[in-house]
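Here's the letter readout for the chains.
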Amino acid sequence: MRRGLRLALALLLATVAARVDAAEIKVMSAGAMKTIVTELGADFRRETGHTLALTTGTVGQLRDKILAGEAADVVVMSDTAIDQLIGQGHLARGSRVDIARTGIGVAVREGAPKPDIATTEAFKQALLSAKSIAYVDPASGATSGIYFATVLQRLGIADAVKLKTTLTRGGFVAELVARGEVELAVHQISEIVPVKGAVLVGPLPREVQKVTVYSAALPARGTTTEPAKAFVEFMARPAFKARLAAAGLDYKD
């Protein structure tokens, strides 16, 4: 009996000690990774006791925060943005770890007809035929918004769709189609999949597709904590590949 009590007390003290040592990790994450970072952060907390203080936004918005000197323990952004910040001395060389990759897709409201977007010409006609479309304002620094604006120019329909286009400053654009405010939304696939009431029609045709690799890195200055390193390693575990795929973060050409 006493032995059992001693064992229970030892376990309790070990648990309390682990919680006392638990850290809060400041994470900046691009919107395309928001859902999976949140989910994996919850798993990481259950395994280690460490918690996340998560800030999300477009790549451009987060880059501005970092350039302004805002601190973060872990940064999750597109690989190109990570490399730029490493080159500028804001993130540590050798700390970049690639986590996931996603493409750009089209969403409609659940139950609505799905347009044909199988080819570049079909996609062009779907955009011209839609009563309204939405994507992220390129001025916000969003990866998908900046790229899709160039696609509209490339297809020669930028002026034709301008008056029926809604530009957002971030967040899940697919929420607009879920609420019935617009007919089509164009956004990163990983930011369409989590939205209830919206359905992924499919990825953009290969000729106009943009695949983005999302990576994690650590700050160049200050103290890089072991919990921060551990969280980056945690996100990169092979065991999570299936979950990344289900979240639209394992895009294959």
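Data block above holds the structure.
Worth saying up front: this structure is predicted, and the values here are computed from it rather than measured.

Parameters and conventions
- Residues numbered from 1 in each chain as written.
- Predicted model: local features only at pLDDT ≥ 70, side-chain atom pairs only at ≥ 80, totals over all residues.
- Heavy atoms only, no water.
- Buried < 20%, exposed > 50% of the residue type's maximum accessible area, 1.4 Å probe, protein only.
- Helix = DSSP H or I, 4+ residues; strand = E, 2+ residues; numbered from the N terminus.
- Arc of directions from axis to C-beta.
- Contact = heavy atoms within 4.5 Å.
- Pairing = 2+ DSSP bridges.
- Axes fitted to C-alpha atoms, helices over the stretch in contact; angles between N-to-C directions.
- Expected span 1.5 Å × (residues − 1).
- Core = buried A, V, L, I, M, F, W, Y, C linked by side-chain atoms within 4.5 Å.
- Polar contact = N/O pair within 3.5 Å; in protein donor to acceptor, adjacent residues only side chain to side chain.
- Parallel < 35°, antiparallel > 145°, perpendicular 65-115°, else oblique.
- Left-handed = near helix turned anticlockwise from the far one by under 90°.

## Some details on helix α4 (residues 79-87)
Argument step 1. When we look at burial in α4, the residues that qualify are D79, A81, I82, L85 and I86. Looking straight down α4, one finds that the buried residues subtend no more than 160 degrees of arc, so they occupy a single side. Set apart from the buried face of α4 by more than 90 degrees, the exposed residues are T80 and G87.
Argument step 2. Structurally, α4 contributes buried residues whose contacts are with α3 (59-67), β3 (74-78) and β10 (212-217).
Argument step 3. Remark: G89 follows α4 within two positions and exhibits a positive phi of approximately 85 degrees.

## Some words on the sheet that holds strand β7 (residues 165-168)
Argument step 1. With mixed pairing, five strands are arranged side by side in an open sheet as β7-β6-β8-β5-β9. The sheet terminates laterally at β7 and β9 (198-203), the two strands that pair on one side only. Ignoring strand direction, the axes of neighbouring strands in this sheet form an average angle of 30 degrees.
Argument step 2. Here strand β5 (residues 104-109) runs beside strand β8 (residues 184-188); their pairing, made up of four bridges, is antiparallel. Of the residues in β8, the one forming a bridge with G105 is H187.
Argument step 3. The strands touched by helix α6 (residues 143-155) within the sheet are β5, β6 (133-136) and β8, with β6 carrying the most contacts at an inclination of about 130 degrees.

## Remarks on the sheet that holds strand β1 (residues 24-30)
Argument step 1. Judged by pairing direction, the sheet is mixed, and its five strands sit side by side in the order β2-β1-β3-β10-β4 without closing on themselves. Because the sheet does not close on itself, it has two edges, and the strands there are β2 (51-57) and β4 (97-102). Neighbour to neighbour, the strand axes of the sheet diverge by 20 degrees on average, direction disregarded.
Argument step 2. Across four bridges, the pairing between β3 and β10 is antiparallel. Paired with S78 across the bridge in β10 is Y214.
Argument step 3. Strands in contact with helix α2 (residues 34-48) are β1 and β2; relative to β2, the strand with the most contacts, it is inclined by about 175 degrees.

## Notes on α6
Argument step 1. An ideal rise of 1.5 Å per residue puts 18 Å on 13 residues; α6 measures up with 19 Å between its terminal C-alpha atoms.
Argument step 2. Buried residues of α6: T143, S144, G145, Y147, F148, V151, L152 and L155, and no others. Along the axis of α6, the buried residues cluster in a sector spanning 165 degrees; they form a single face.
Argument step 3. Two residues or fewer past α6, G156 is found with a positive phi of approximately 75 degrees.

## A short note on the pairing of β5
Argument step 1. β5 sits mainly inside the fold: five of its six residues count as buried.
Argument step 2. The sheet contact formed by β5 and β9 spans five bridges and is antiparallel. Across the sheet, residue V108 finds its bridge partner in β9, namely V199.

## Considerations on the nonpolar core
Argument step 1. Of all hydrophobic cores here, the largest spans 38 residues; its most connected members are M33, I36, V74, M77, F231 and M235.
Argument step 2. Those elements that place two or more of their residues in this core are β1, α2, α3, β3, α4, β4, β10 and α9 (226-235).
Argument step 3. The greatest single-element share of this core, amounting to five residues, is contributed by α9.
Argument step 4. Excluding its chain neighbours within four sequence positions, the residues that come into contact with I36 are R243, L244, A247 and L249.

## A few points about the side chain of H50
Argument step 1. Structurally, the position occupied by H50 is in the loop between α2 and β2.
Argument step 2. Side-chain polar atoms of H50 contact the backbone nitrogen of A23, separated by 2.9 Å.

## Remarks on the pairing of β8
Every other side chain in a regular strand lies on the same face of the sheet, so the side chains alternate between the two faces.
Argument step 1. When you tally the buried positions in β8, you get five out of five residues, the bulk of the element.
Argument step 2. Pairing analysis gives two bridges linking β6 to β8, with the strands arranged parallel. Among the inter-strand pairings, I133 is bridged to a residue of β8, identified as L184.

## A few points about the packing of α2 against α9
Argument step 1. Following both chains from N to C, one finds α2 and α9 inclined at 120 degrees, their axes separated by 10 Å at the closest point. Relative to α9, the element α2 is oriented oblique. Seen along the crossing, α2 lies across α9 with a hand that is right-handed. Residue-level inspection shows V37, L40, G41, D43, F44 and E47 of α2 in contact with α9, the latter providing P227, A230, F231, F234 and M235.

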